[in-house]
Amino acid sequence: MGGAIAVLSVQVDDMTKTLTIAQKSASGSAVRLQDLNQKSEQTAKRLELLIASMHDLPDVAPPPMAQAAAPAHVAPRVDDPVTQSGDDSGQVVSEAFFSSRRARMEAAE
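Cut-off values and rules
The residue count restarts for each chain, going from 1 along the sequence in the order it is written. Where totals are concerned, whole chains, interfaces and linings use all residues; where local detail is concerned, this predicted model gives features only for residues with pLDDT of at least 70, and gives and counts side-chain atom pairs only at 80 or more. The basis for every side-chain value is the complete set of non-hydrogen atoms in the structure, without hydrogens or water. Here a strand is any run of E in DSSP of at least two residues, a helix any run of H or I of at least four, and the numbering for each starts at the N terminus. Working definition: with a 1.4 Å probe on protein chains only, accessible area under 20% of the residue-type maximum means buried, over 50% means exposed, and in between means partly exposed. Think of pLDDT as the predictor's per-residue confidence, scored from 0 to 100. Contact criterion: two residues are considered in contact whenever any of their non-hydrogen atoms come within 4.5 Å of each other.

## Topic: the overall build of the protein chain
Helix and strand content of the protein chain: 2 helices and 2 strands. Tracing the protein chain from N to C terminus, the helices and strands come up as α-α-β-β. The buried share of the protein chain, taken over its 109 residues, is 1%.

Structural data, given as structure tokens:
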């Protein structure tokens, strides 16, 4: 019977140590969670102020699509078919043909 009491006593000691470690870990996690919560509340307040300050801005029309979509110069890729032709001035003109390699998605997807 004394052996069983000794085993139980060791188990109680182990559980006490485990409980102490778990409590320290939980308190550390609670502190970190509280810090993150405070930071998120401060960020939310700043966002609210930014959004509120945007109400004073005038509405601006987006730029026309022709200006926004026209790139200044697009260099051809190496793996795309390229044709070159010369003109009277001796300059070489390159034309690149781009094709999409993505498969079309069906409406059901």
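## Remarks on the confidence of the model for the protein chain
Per-chain confidence: the protein chain averages 75 in pLDDT, with 60% of residues scoring 70 or above. Mean pLDDT values over the elements of the protein chain span from 47, in strand β1 (residues 82–86), up to 93, in helix α1 (residues 2–54). Note that residues 80–86 has pLDDT below 50 and, in this model, 21 contacts with residues that lie over four places away or in other chains.

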